[in-house]
There are 2 protein chains.
Amino acid sequence: MYFFGLFLPDESEAYFGNDMQKITNEELGRPTPEEFAMQRKLPLTVVLDNVRSANNVGAFFRTGDAFGIERIVLCGISAVPPSREIHKSALGAEFTVAWEYASSTVEAVSRLRAEGYCVLAVEQVRGAVSLDELEAAAFGGLGKFALVFGNEVDGVRQEVVDLCHGAVEIPQVGTKHSLNVAVSGGVVLWEFFRQLR
Amino acid sequence: MYFFGLFLPDESEAYFGNDMQKITNEELGRPTPEEFAMQRKLPLTVVLDNVRSANNVGAFFRTGDAFGIERIVLCGISAVPPSREIHKSALGAEFTVAWEYASSTVEAVSRLRAEGYCVLAVEQVRGAVSLDELEAAAFGGLGKFALVFGNEVDGVRQEVVDLCHGAVEIPQVGTKHSLNVAVSGGVVLWEFFRQLR
């Protein structure tokens, strides 16, 4: 498999196994919605600050289901269920991931702070911690997180950022220097899931 | 900041800094398309096996730009530029990330193998390596990767999986046990970027 430290792709079976049959839905052993409701959740709440696209909101539900987050707080103009568009991209995960609506993101973040959450904006701001340097465990075993994702065009608004304990940014090297908000959600939720589960 | 190992959110300034002004587009210091073209790329090619949605294809371009990947190979029925839908979700990244079209994913994967790429399907198959256990560095310093992502409904087809050196899966705990393909792209490309850049 290795030759002077070099991986030889054609001898990869030892690393990957050589029976790569696709796993059927039944074999995946997914929890039922009832079992999912009883599972211990990742101590993580997602806050959407005026995410306009129902597709993006639906993708957050699907990602939140996959990584077993606590809940989603939909704020301001964010689309809310029931919505055919959300259903189409969430594939029904809007029924398994807890959610609530708050007209004001500022009030939602203030409440989360009062409830003991460490609230972090996912945004490119001064003083933001780069996602590859974030150590969620440094926040202590009892850490509960709320991650705020912003509008497709405007991001997380400054007045909301100002209420957060800190900010996290995804390091990037591209010409756009931004990701689709649902893709950002996948990246950041994965990183917390990887570190905390 | 810590109290018996417990993070005190209200004293978070030391960790995060307390001036969290949003960074303007100018301050981000993004490379121009010309500078981007000259940058060293992540040794990673994305292969899309019949990804139907132009929105998803566009998101791959935007993510590929952010993480500086080598190129995207669009296969089969995958939408290709020029496309208004791709442009809308790629925000122009279809002009900065190199791409090519291949009618047959099987032929594209065979060619990448012949060119020395380690080709991995992102799919739930027997013998797949869990993304949180994947060590890209184990493939040697000269490792070049091609990651194959599949159709929104059918995933990566078995005949394509069979041609790959291995498979990677994103561990999940939800009822759906799958992610939107563009979100999966963000998660897996982030993990390779984090490990290899």
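Undergrad: Please give an account of the overall build of chain A that cites residues and values.
TA: Secondary structure summary: chain A contains seven helices and nine strands in total. Split into buried and exposed, the 197 residues of chain A put 56% on the buried side. Within chain A, contacts between residues separated by at least 24 positions form 84% of all contacts whose residues are at least 6 apart in sequence. Accessible area of chain A: about 8,300 Å², with a carbon and sulfur share of 52%.

Undergrad: Before we move on, can you summarise the relation of the copies chain A and chain B with the specific residues and values?
TA: Overlaying chain A with chain B gives an RMSD of 0.0 Å, the required rotation being 180° about an axis along which the chain moves by 0.0 Å. Such a combination of turn and shift is consistent with a two-fold rotation axis. A share of 100% of interface residues in chain A that are also interface residues in chain B marks the association as one of identical surfaces.

Undergrad: Any chance you could break down the environment of Asn56(A) for me, citing the residues and the numbers?
TA: Residues and elements named next belong to chain A. Summarising the element assignment, Asn56 is placed in helix 3 (residues 54–66). Classification of Asn56 as buried rests on a relative accessible area of 8%. For the pair Asn56 and Tyr117, spaced 61 residues apart in sequence, the C-alpha separation works out to 24 Å. With residues up to four places along the chain from it excluded, the contact list for Asn56 reads Val51, Glu152, Asn180, Val181 and Ala182.

Undergrad: Tell me what's going on with the sheet that holds strand 3 (residues 42–49) of chain A, and back it up with residues and numbers.
TA: Residues and elements named next belong to chain A. The strand order 5-4-3-8-6-9-7 describes an open sheet built from seven strands, whose pairing is parallel. Strands at the two margins of the open sheet, each flanked by one partner only, are strand 5 (98–102) and strand 7 (129–130). Docked against the sheet, helix 3 engages strand 3, strand 4 (69–75), strand 5 and strand 8 (145–150), running at close to 165° with respect to strand 4. Across the sheet, helix 5 (residues 105–114) is in contact with strand 3, strand 4, strand 5, strand 6 (118–122) and strand 8; its angle to strand 4 comes to roughly 150°.

Undergrad: How would you explain the confidence of the model for chain A if you had to name every residue and give the values?
TA: Where the model shows low pLDDT, its predicted coordinates should not be examined in detail. Of all residues in chain A, 89% attain a pLDDT of 70 or more, and the chain-wide mean is 90. Under a pLDDT of 50 for its full length, residues 1–6 of chain A has, in the predicted model, 13 contacts with residues more than four places off or in other chains.

Undergrad: Break down the pattern of salt bridges for me, with residues and values.
TA: Within this structure, the stated rule accounts for 24 salt bridges over all chains. Glu115(A) is paired through a salt bridge with Arg111(A); the nearest N and O atoms lie 3.6 Å apart. Accessibility expressed as a relative area gives 36% for Glu115(A), which makes it partly exposed. Take Arg111(A): its relative accessible area is 31%, and that puts it in the partly exposed class. For Glu123(A), the salt bridge is made with Lys22(B), and the minimal N-O distance between the two is 4.0 Å. Of this pair, Glu123(A) sits in the loop between strand 6 and strand 7 while Lys22(B) sits in the loop between helix 1 (13–16) and helix 2 (33–38), placing the two residues on different chains. Take Glu123(A): its relative accessible area is 13%, and that puts it in the buried class.

Undergrad: For helix 3 of chain A, give the residues involved together with the corresponding values.
TA: Quick reminder: α-helices carry 3.6 residues per turn. Residues three or four places apart thus point the same way. Residue and element names in this part refer to chain A. For helix 3, with 13 residues, the first-to-last C-alpha span of 18 Å sits near the 18 Å given by 1.5 Å per residue. Of all 13 residues in helix 3, 12 are buried; the element is thus mostly enclosed. Taken residue by residue, helix 3 has Ala54, Asn56, Val57, Gly58, Ala59, Phe60, Phe61, Arg62, Thr63, Gly64, Asp65 and Ala66 as its buried positions. The N-terminus of helix 3 is capped by Ser53, whose side-chain oxygen sits 3.1 Å from the backbone nitrogen of Asn55. Downstream of helix 3 by one or two residues, Gly68 has phi in the positive range, about 60°.

Cut-offs applied
Residues numbered from 1 in each chain as written. Chains lettered and ligands numbered in written order. Predicted model: local features only at pLDDT ≥ 70, side-chain atom pairs only at ≥ 80, totals over all residues. Heavy atoms only, no water. Helix = DSSP H or I, 4+ residues; strand = E, 2+ residues; numbered from the N terminus. Buried < 20%, exposed > 50% of the residue type's maximum accessible area, 1.4 Å probe, protein only. Contact = heavy atoms within 4.5 Å. Areas by Shrake-Rupley, 256 points an atom, 1.4 Å probe, with all protein chains shown as cover. Least-squares fit on C-alpha atoms with pLDDT ≥ 70 in both. Pairing = 2+ DSSP bridges. Axes fitted to C-alpha atoms, helices over the stretch in contact; angles between N-to-C directions. pLDDT = per-residue confidence, 0-100. Salt bridge = Lys/Arg side-chain N within 4 Å of Asp/Glu carboxyl O. Expected span 1.5 Å × (residues − 1). Polar contact = N/O pair within 3.5 Å; in protein donor to acceptor, adjacent residues only side chain to side chain.

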